[in-house]
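# Secondary and tertiary structure notes
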Amino acid sequence: MTSRRTEHSAEHHEVSALIPWYINETLGDRESQRVDSHLAACTVCRDDLAVQRRIREAIHAQPSVDYMPVASLKRLQARLDAQPAEPSVSQTLPAGERSFRAAPWRAWMAATAAGILVAVGLFGADHWLQMERQLPNYRTVTNSIARPQGEVIRAVFAPTITLVELQSILDEAQLRIVSGPTEAGVYSLASNSTLTVRASLALLRQHPTVRFAEGTQADPEPGNAP
Amino acid sequence: MTLPAKNSPKERDSALLVAIGTGDRRALEELYLSYHRRLARFLSRFTSRYENIEEIINDTFMVVWQNAKDFRNASQVSTWIIGIAYRTALKSFRRQKNHAGARSLEDYPEQTVDPTSDAEVNDWLKRGMSQLPIEQRLTLELAYHMGHSLEEIAAITDCPVGTVKARMFHAREKLRQYLPTLSGGASELPVRIG
């Protein structure tokens, strides 16, 4: 009898310690089943589970502050520029690229436009193909009918997005609308700053209300595409 | 930089880190932008000063920049980066005398409203969290806010799994003391089980 109590106590303590990860659903199948079995028989752990779930819900309910990363990134870039030498520049890189790396940050930022198709190919190939298949035969995010002047990105936003949210996202990514939305909800966006298209795309894609965002420029670095 | 044609976020992070290890600042920029929001949201739970948040994030990415070439895929890139941020934040918070820059009790004035309301529970939770030792609070946030597994938190905090469990246990116990409505009888609350 004592032995069974001891076993139960040990199991209770071990399972109790796993409850936070049972709640956030990161336990493996075996551990989850172990917790399930114990919960079925232990009212203390069931109560604790309810308390911990409530705490987690409350933590999630607390408002989080979103900050604009561009200004912070620029300060990081300035710190990197102030460093005497870069940590490790591959000797296998072309000489032109190595010398370009030694140039100030702004110089390579300007050069990032040269890598846009890499991002397009890598992060959007599936989207592009799917959109090609699914969208009807009028102007879409992917067709190339008369690009508006300055267009560097095409994007689709959630239909529920408000004007204020849209403007906030565009401000953050330093973009402006030059055309749209089309029948398919596609906006043509132009850059408002020296921020690279790649950086603007990364900023757009952070927002859940941005359903699609791809660059529209051709790849000036042939050979880099996957 | 050449990335796999169909890359998951994990593969993309790994490819970016490899590129950063070769001195590719464009890759650093992309990685920075993809992590900034997550890190800033996490850190904003500990300090209300954006200059502190920015300093921690930028210090983190200076370490990423300087050490990317030594990354050996012993963990996921995200775990590695958040681990660096964790240690940087820990140093930063400890450096500030009595967490002067961190959220303090003064941010959460006493409440006298219905103690069973969500708002009241949230206020008590904030007060309770602010009283936890920083390691316990970070552990709780990593599990409940960031959704990390036990093993990931052990890797992030560079501690044995047992230590993570112990920190979480103590955090839970202390929070119970600060949350009388929760510790006094969970069954009376409109909690959702299952």
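Residues numbered from 1 in each chain as written. Chains lettered and ligands numbered in written order. Predicted model: local features only at pLDDT ≥ 70, side-chain atom pairs only at ≥ 80, totals over all residues.

### Digging into the environment of methionine 68 of chain A
All names here are of chain A. Along the chain, methionine 68 turns up in the loop between helix H3 (43–61) and helix H4 (69–82). You can call methionine 68 partly exposed: it has 17 C-beta atoms within 10 Å. Sequence-wise, methionine 68 and serine 168 are 100 residues apart; in three dimensions their C-alpha atoms are separated by 9.9 Å. (Helix = DSSP H or I, 4+ residues; strand = E, 2+ residues; numbered from the N terminus. Buried ≥ 20, exposed ≤ 12 C-beta atoms within 10 Å, placed from the backbone.)

### Observations regarding the confidence of the model for chain B
One rule of thumb: low pLDDT means the predicted coordinates there are not for detailed reading. All names here are of chain B. Here chain B averages 80 in pLDDT, while 78% of its residues score no lower than 70. In this model residues 101–115 is a low-confidence stretch, pLDDT under 50, and it forms 27 contacts with partners more than four residues away in sequence or in other chains. This model gives residues 185–194 a pLDDT under 50, and the stretch forms 15 contacts once residues within four places in sequence are excluded. (pLDDT = per-residue confidence, 0-100. Contact = placed C-beta atoms within 7 Å.)

### What about the packing of helix H9 (residues 197–205) of chain A against helix H2 (residues 25–43) of chain B?
Pairs of packed helices are described in terms of their axes, by the angle between the two and the distance that separates them. Running from N to C, H9 of chain A and H2 of chain B point in directions that differ by 20°, and their axes come no closer than 9 Å. For the element pair H9 of chain A / H2 of chain B, the angle class is roughly parallel. Crossing of H9 of chain A over H2 of chain B shows right-handed handedness. The residues of H2 of chain B that touch H9 of chain A, namely those facing Arg198, Ala199, Ala202 and Leu203 of chain A, are Arg26, Glu29, Glu30, Leu33 and Ser34 of chain B. (Axes fitted to C-alpha atoms, helices over the stretch in contact; angles between N-to-C directions. Parallel < 35°, antiparallel > 145°, perpendicular 65-115°, else oblique. Left-handed = near helix turned anticlockwise from the far one by under 90°.)

### Examining helix H4 (residues 77–95) of chain B
All names here are of chain B. The terminal C-alpha atoms of H4 lie 27 Å apart, and with 19 residues this matches the ideal 27 Å at 1.5 Å per residue to within 8%. All of the buried residues in H4 are Val77, Trp80, Ile81, Ile82, Ile84, Ala85, Tyr86, Thr88, Ala89, Ser92 and Phe93. Against helix H1 (9–21), H2, helix H3 (50–67), helix H6 (134–144) and helix H7 (150–157) lie the buried residues of H4. (Expected span 1.5 Å × (residues − 1).)

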